[in-house]
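Report on the structure
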Amino acid sequence: MLEKTIVLKNASVYGEDQIIRQGTITILKGKIKDFGHDVHLGDKEAEVIELPETYHIVPGMIDVHIHGAAGADTMDATFEALETIAKILPQEGTTSFLATTMTQEQSKIEKALENAGLFIEAGQVEGTAETLGIHLEGPFISEKRAGAQPVGAIIKPDLELFKQLQELASGHIKLVTIAPEIEGSLDVISYLREKNVVASIGHSDATYEEVVKGMKAGASHVTHLYNGMRGLHHREPGVVGAALLHDELTTELIADGIHVRPELISLTFKQKGNEKVVLVTDAMRAKCLGDGQYDLGGQEVTVQKETATLKDGTLAGSIIKMNTAVKNMMQFTGCSISDIIQMTSANPAKELNIFDRKGSLAPGKDADIVVLDEDFEVVMTFCKGKIAYRRDDEA
Ligand SMILES: [Zn+2]
């Protein structure tokens, strides 16, 4: 069957190094065909969607740290859970993500990895977000900086064990959160680098020197900067000081205004710039559900007023949506939409070595496209050219 060209018209189109006002972008067979001012349609059968001039057409967002949403969690270890997550994320502008595990009994981690690996192998469900791979958050972390990761399930870094886990995951672990100061860690980090898996420093009590050693071994990313790590002291810069100083390290930020104060988000952006920050949600299953009691890694979590906490008050993931993080980031830092696109799409795509097919609006790339209104609310989302979300009033 011949596929129709889809044409989005009249809104601002954000290309890699140009913004086209009242532009047009065309989609064919899951890919971006063309964009510009006067795009030749060449297809009378095209489905044309006229948009208000005030709308923004941006690349789909990539969330490299998300545990769950809408009642489902990667640790549920079922296809159904991952399908639920993949189906709901386009509502917030996310078109691809890393299914994120957490520190739990080894057998549970194994089940979640095996399930996610098989889910990815089965192929993307049309009209849902793509599961790009797995973010293994722990178990190779520090007991001192466990945060909401259960301390009893932490395991000493072990290269042979990692290889087994990667095999169970059918090779789909793409990012590993690890504490570089723990014995055995540097061997794992070197191996990850060799295999093009992103090694991320996180849930770590590392000193400045220990972070530098981790970096030399191949670590290139920092998991939720400020949260679950040794902070900055003027005589011991810790993980935070090292992350702010070194360009080799790309830093995740949870921009909900709760995990990190807005002033510090602003300071981070000033220091790291738009190419070394990646916005993540670190969202758990309560996202999209509202206040109540939930489970996170076998622990009870209370969600109240946008904050998820364990009984002792420890922050337990977030319930923030990607487009809310975008709005916050612009408000906290005064950054531009082009800066935002770097932090939500281009940077994660480059880190995961998929910038040739995702992370920007360019001809030939996957048609992962988000239309935002003037308030940065999501109007519609395309995953590989298929409509994955359309706000009611736009139907
Ligand atoms: Zn997390």
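All values derive from a computational prediction rather than experimental measurement.

Here we take up the overall build of the protein chain. Secondary structure assignment for the protein chain yields nine helices and 21 strands. On C-alpha atoms alone, the protein chain measures out to a radius of gyration of 20 Å, which is about the 21 Å that the 2.2 N^0.38 rule sets for 395 residues. In terms of principal-axis extent, the alpha carbons of the protein chain reach across some 65 × 45 × 45 Å. The buried share of the protein chain, reckoned over its 395 residues, is 60%. Taking as baseline every contact in the protein chain between residues at least 6 positions apart, the subset at least 24 positions apart corresponds to 68%. Total accessible area computed for the protein chain in this model is approximately 16100 Å², and 47% of it derives from carbon and sulfur atoms.

A separate point is empty space enclosed by the protein. The full count for this structure, using the stated rule, is two cavities of 30 Å³ or more. Approximately 60 Å³ is the volume attributed to the largest cavity. Lining the largest cavity are Val58, Pro59, Met61, Val326, Ile337, Ile340, Ile341, Thr344, Ser345, Leu372 and Phe376. Residue assignment for the lining of the largest cavity shows that the elements contributing at least two residues are strand E5 (56–59) and helix H9 (337–351). By residue number, the principal contributor to the lining of the largest cavity is H9, which donates five residues. Residue classes in the lining of the largest cavity are distributed as nine nonpolar, two polar and no charged.

Moving on to the sheet that holds strand E17 (residues 299–304). With respect to topology, three strands assemble into an open sheet ordered E16-E17-E18, the strand pairing being antiparallel. Pairing within the sheet leaves two strands with one partner each, and these edge strands are strand E16 (292–296) and strand E18 (307–309). Each neighbouring strand pair of the sheet contributes to a mean axis angle of 30 degrees, computed without reference to strand direction. Here three bridges tie E17 to E18, and the two strands are oriented antiparallel to one another. Across the sheet, the residue bridging to Val303 is Ala308, located in E18.

Looking now at helix H2 (residues 106–121). Spanning 16 residues, H2 covers 22 Å between terminal C-alpha atoms, matching the ideal 22 Å at 1.5 Å per step. Buried within H2 are the following residues: Ile109, Ala112, Leu113, Asn115, Ala116, Gly117, Phe119 and Ile120. Elements that come into contact with the buried residues of H2 comprise helix H1 (79–88), strand E9 (94–101), strand E10 (130–137), helix H3 (159–168) and strand E11 (173–178). The first or second residue beyond H2 is Gly123, which carries a positive phi of 95 degrees.

With that settled, consider the coordination of the zinc ion. Around the zinc ion, the protein supplies His65 (NE2), His67 (NE2), Glu137 (OE) and Asp282 (OD) as donor atoms, at distances of 2.0 to 2.2 Å. Of note is the zinc ion, whose four donor atoms meet at the metal with angles of 83 to 167 degrees in an arrangement that counts as irregular. Within one chain, the residues serving as donors to the zinc ion are arranged as H-x1-H-x69-E-x144-D. Placement of the pair is His65 in strand E6 (residues 61–66) and Glu137 in strand E10, with a sequence separation of 72 residues. Accessibility expressed as a relative area gives 0% for His65, which makes it buried.

Turning our attention to the packing of helix H4 (residues 185–194) against helix H5 (residues 208–217). Orientation of H4 relative to H5, taken along the N-to-C sense of each, is 35 degrees, at an axis distance of 8 Å. Here Leu186, Ile189, Ser190 and Arg193 of H4 lie close against H5, whose contacting residues are Lys213, Gly214 and Ala217.

Let us look at the state of the cysteines. Summed over the entire model, instances satisfying the criterion amount to zero disulfides. Free cysteine Cys383: the closest other cysteine sulfur is in Cys288, separated by 15 Å.

Our focus in this paragraph is the packing of aromatic side chains. Each aromatic ring pair is characterised by the separation of its centres together with the angle its planes make. Throughout the structure, instances matching the rule amount to two aromatic pairs. Between the aromatic rings of Phe79 and Phe119, the centroid separation amounts to 5.3 Å while the plane-to-plane angle is 85 degrees, which identifies the pairing as edge-to-face. Residue Phe79 is located in helix H1, and its partner Phe119 is located in helix H2; the two are separated by 40 residues in the primary sequence. Under the relative-accessibility criterion, Phe79 is labelled partly exposed at 33%. Look at Phe162 and Tyr191: their rings are 6.2 Å apart centre to centre, the planes differ by 70 degrees, and that puts the pair in the edge-to-face class. With Phe162 in helix H3 and Tyr191 in helix H4, the pair connects residues that are 29 residues apart, well separated along the chain. By relative accessible area, which is 0% here, Phe162 ends up buried.

Under the definition given, this model contains 19 salt bridges. Across the pair Asp76 and Arg285 runs a salt bridge whose closest N-O atoms are separated by 2.8 Å. Taken together, the positions of Asp76 in the loop between strand E8 (72–73) and H1 and Arg285 in the loop between strand E15 (277–280) and E16 put the pair 209 residues apart, joining distant regions of the chain. Overall, Arg285 belongs to the buried group, its relative accessible area being 13%. Ionic pairing is found between Lys327 and Glu377, a salt bridge with its closest N-O pair at 2.3 Å. Of the two residues, Lys327 sits in helix H8 (residues 322–333) while Glu377 sits in the loop between strand E19 (369–372) and strand E20 (378–383), which places them 50 residues apart along the sequence. Taking the relative accessible area as the measure of exposure, Glu377 reaches 32% and is therefore partly exposed.

Definitions and cut-offs
- Residues numbered from 1 in each chain as written.
- Predicted model: local features only at pLDDT ≥ 70, side-chain atom pairs only at ≥ 80, totals over all residues.
- Heavy atoms only, no water.
- Helix = DSSP H or I, 4+ residues; strand = E, 2+ residues; numbered from the N terminus.
- Rg over C-alpha atoms; globule rule 2.2 N^0.38 Å.
- Buried < 20%, exposed > 50% of the residue type's maximum accessible area, 1.4 Å probe, protein only.
- Contact = heavy atoms within 4.5 Å.
- Areas by Shrake-Rupley, 256 points an atom, 1.4 Å probe, with all protein chains shown as cover.
- 1 Å grid on protein atoms, 1.4 Å probe; cavity = no way out; pocket = protein on both sides within 12 Å on 5 of 7 lines; lining within 4 Å.
- Points joined across faces, edges and corners; volume = space filled by probe spheres on them.
- Nonpolar A, V, L, I, M, F, W, Y, C, P; charged D, E, K, R; others polar.
- Pairing = 2+ DSSP bridges.
- Axes fitted to C-alpha atoms, helices over the stretch in contact; angles between N-to-C directions.
- Expected span 1.5 Å × (residues − 1).
- Donors = N, O, S within 2.8 Å, 3.2 Å for Na, K, Ca; no water.
- Tetrahedral: all angles 85-135°; square planar, octahedral: opposite > 155°, others 65-115°.
- Disulfide = S-S within 2.5 Å.
- Phe/Tyr/Trp six-rings, centres within 6.5 Å; stacked < 30°, edge-to-face > 60°.
- Salt bridge = Lys/Arg side-chain N within 4 Å of Asp/Glu carboxyl O.

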